Structure formats: structure tokens, C-alpha cells
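Spelled out from the first residue to the last, the chains are:
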Amino acid sequence: MNTSPQKALPQRRNPGLGVHIDLAGSNIVLLTVTTEKREPWLANEDAHRFLHETWSDAKAWLVGEYLLMPDHLHCFCVPIDLHFAIETWISFWKREFALKHKQTNWKFQSRDWHHRLRSGENYSEKWLYVQENPVRKHLCRCIEDWPFKGKVFDLIWTGR
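Our subject in this report is the structure included herewith. In this text, all values refer to a predicted model and were calculated from it rather than measured experimentally.

**Here we look at the nonpolar core**
- Ranked by size, the top nonpolar core spans 41 residues in total, and within it W55, L73, W89 and W93 carry the most contacts.
- Those elements that place two or more of their residues in this core are β1 (29-35), α1 (45-57), β2 (61-68), β3 (72-79), α2 (86-101) and α3 (120-131).
- If you tally residues by element for this core, the top one is β2, at 6 residues.
- Leave out the neighbours within four places in its chain, and L73 touches L31, T32, V33, L42, L51, W55, L67, L68, W93 and F108.

Below, the structure written as C-alpha cells:
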């Protein structure tokens, strides 16, 4: 019998605030935002249209490809105005989105998950993985069938 104390498994934590910006390279960020209490309201035509419109106007950061799942979204984004931290920009577009849709039960969790990509190959791999989400969840048969995805701006990998 093993009597040594068991080590606790590492717990997943939210990332620290902000995104490390590399002034000499690309700063494409994969952002995940979840609905409050994981309520499945997000994958619908109205939310899709209003988010696309909101991101088109929220230009401190630019959104490239994105995909909406029933209870969360993934998008790739890049900073344009370095005076706006990613959290400030997210708060802004969440507020603007709420003003457009006017649904009292359409709320997001207060925190998000973001990760700055390290390479262009990583970008392609992550986008493919994101697009496979609805297929893995049996919401559609193939990537092309999922209607709740799109692109607002072209994001081009320019760094190392």
C-alpha cells in the first residue's frame, strides 16, 4: 500500500489579464467567450448577424475568422489600437452587441479565454480545430454545413 501523500492535479486557470504584444511579429489571438451558465442561445441567425455587425464596428481590435457554437464562440483577433487591452475591447463589443439584440437572456460570462498564437502554422491548425467543433458535437455532418461562422477582416500572419 502506498502511503505517500498524493499530489493534487494541476487545475486549469484563467489566463492572466492582457495579451503579450510582440511589436516585431504577428499578434493573432484565439479568443473563446462562453455564454452565461453555458446557456445554448448563441448559434442563431440574429446573434450571428449582430456579432458580425458589432465586430465590424469595434476596430480597436479586428476579428478575422470566427465560429459560434450554441454556448460559446471562438474568434481570431488582432490588436490595432494598443491603447485598448483585449479585456476593454471585449467589454466594449459585448455591450454593443447587447444594445443591438435586446434579449435579456443573452448574456456572456464575465471572463474569457485567450491565447496569442506562436506561428502561422498554429493559426491554420487552430482554425481547422475550431471549425471541427460542430462536427465533433454532432451539430452538422461536415465543416461546410455549419452556418454560424464567418470572417469580418482578413488577418495575415506576418511574424516569425
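From this point on, the discussion continues.
**Focus: the packing of aromatic side chains**
- This model, assessed by the stated rule, comprises 13 aromatic pairs.
- A ring pair is formed by W89 and W93, whose centres lie 6.1 Å apart and whose planes are at 65°; its orientation type is edge-to-face. Highlighted residues: W89 and W93, both in helix α2, separated by 4 residues, approximately one helical turn.
- For W89, a relative accessible area of 2% puts it in the buried group.
- Pairing W146 with F148 gives two aromatic rings, centres 5.3 Å apart and planes at 80°, and the pair type is edge-to-face.

**Comments concerning α1**
- Helix length check: α1 (13 residues) gives 19 Å between terminal C-alpha atoms against 18 Å at 1.5 Å per residue, within 8%.
- Along α1, the residues classified as buried are A47, H48, F50, L51, T54 and W55.
- Buried-residue contacts for α1 involve β2, β3, α2 and β5 (149-151).
- Capping of α1 at its N-terminal end is provided by N44; its side-chain oxygen lies 2.9 Å from the backbone amide nitrogen of D46.

**Let's talk about α2**
- The terminal C-alpha atoms of α2 lie 22 Å apart, and with 16 residues this matches the ideal 22 Å at 1.5 Å per residue to within 8%.
- For α2, the full list of buried residues reads I86, E87, W89, I90, W93, K94, F97 and H101. Taken around the axis of α2, the buried residues stretch over an arc of 155°, which confines them to a single face.
- Residues of α2 that are buried make contact with β1, α1, β2, β3 and β4 (108-116).

What counts and what doesn't
- Residues numbered from 1 in each chain as written.
- Predicted model: local features only at pLDDT ≥ 70, side-chain atom pairs only at ≥ 80, totals over all residues.
- Heavy atoms only, no water.
- Core = buried A, V, L, I, M, F, W, Y, C linked by side-chain atoms within 4.5 Å.
- Buried < 20%, exposed > 50% of the residue type's maximum accessible area, 1.4 Å probe, protein only.
- Helix = DSSP H or I, 4+ residues; strand = E, 2+ residues; numbered from the N terminus.
- Contact = heavy atoms within 4.5 Å.
- Phe/Tyr/Trp six-rings, centres within 6.5 Å; stacked < 30°, edge-to-face > 60°.
- Expected span 1.5 Å × (residues − 1).
- Polar contact = N/O pair within 3.5 Å; in protein donor to acceptor, adjacent residues only side chain to side chain.
- Arc of directions from axis to C-beta.

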